[in-house]
Amino acid sequence: MLKLDDRDLKILAILSREGRISKAELAKRVNLSAAPAWERMKRLEEAGLITGYRAEIALKKIAPHITVFMAAELESHRAQDFHQFERALSPLDEVVACWAVGGGFDYILQIVTRDIDAYQRLVDELLEAKVGLSRYFTYVVTKSVKLRPPPLVQLLGMQAQD
């Protein structure tokens, strides 16, 4: 396992909020010259700690859409049933995130579609495909209140230093 120091954590925190920050600005913010900052960033990428860079898109400025969270329960709970359901979700672009969860449901899915009709067609297709979906509960997002990267420093039980 890769040992992380305070500068590594600061690089990760900055990149999680500002993925397009210039290498020079990143180096300045972590109090390093450009070459050592770049080497640390490459090491974090190669270790699999940085898995990609993305742009946050203002979907409502591009096209009408809805975001739905679906709580899904499977008919059966054998390993092959979970694999079958997960394989069925893989090609569905509208399913933008999926988590296997403990508790009353088996999965929580985040789905983005053009409208509620498109969402229902997707659900109908899943039900008709017989992928083991037994029950589902739909939660339509009415507004986004907070979305941000996780607090790395607090997760590691450290004090924030800026």
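Residues numbered from 1 in each chain as written. Predicted model: local features only at pLDDT ≥ 70, side-chain atom pairs only at ≥ 80, totals over all residues. Heavy atoms only, no water.

Engineer: Got a minute to help me understand the sheet that holds strand E4 (residues 133–140) in this structure?
Structural biologist: The strands that make up a sheet are held in pairs by hydrogen bonds between backbone atoms, and each pair lies either parallel or antiparallel. Read across the sheet, 4 strands follow the order E2-E3-E1-E4 without closing on themselves; strand pairing throughout is antiparallel. Each edge of the open sheet is held by one strand with a lone partner, namely strand E2 (95–100) and E4. Looking at each pair of strands side by side, their axes are set apart by 20° on average, direction ignored. Two elements, E2 and strand E3 (residues 107–113), share 5 bridges in a ladder whose sense is antiparallel. Directly across from Ala97, in E3, lies its bridge partner Gln110. Here helix H4 (residues 79–89) sits on the sheet in contact with strand E1 (66–74), E2, E3 and E4, set at roughly 15° to E3. Across the face of the sheet, helix H5 (residues 116–128) comes into contact with E1, E2, E3 and E4 while running at roughly 165° to E4. (Pairing = 2+ DSSP bridges. Helix = DSSP H or I, 4+ residues; strand = E, 2+ residues; numbered from the N terminus. Axes fitted to C-alpha atoms, helices over the stretch in contact; angles between N-to-C directions. Contact = heavy atoms within 4.5 Å.)

Engineer: Explanation requested: the layout of surface pockets in the structure shown.
Structural biologist: A probe as big as a water molecule, rolled over the atoms, marks out the empty space that is left. Here the largest pocket defines a volume of roughly 1,700 Å³. Considering the residues around the largest pocket, the lining is formed by 39 residues, among which Arg54, Ala55, Glu56, Leu147 and Arg148 are closest to the centre. Looking at the lining of the largest pocket, the elements with two or more residues in it are helix H1 (6–17), E1, E2 and E3. (1 Å grid on protein atoms, 1.4 Å probe; cavity = no way out; pocket = protein on both sides within 12 Å on 5 of 7 lines; lining within 4 Å. Points joined across faces, edges and corners; volume = space filled by probe spheres on them.)

Such coordinate-based values are descriptive only and should not be taken to indicate function.
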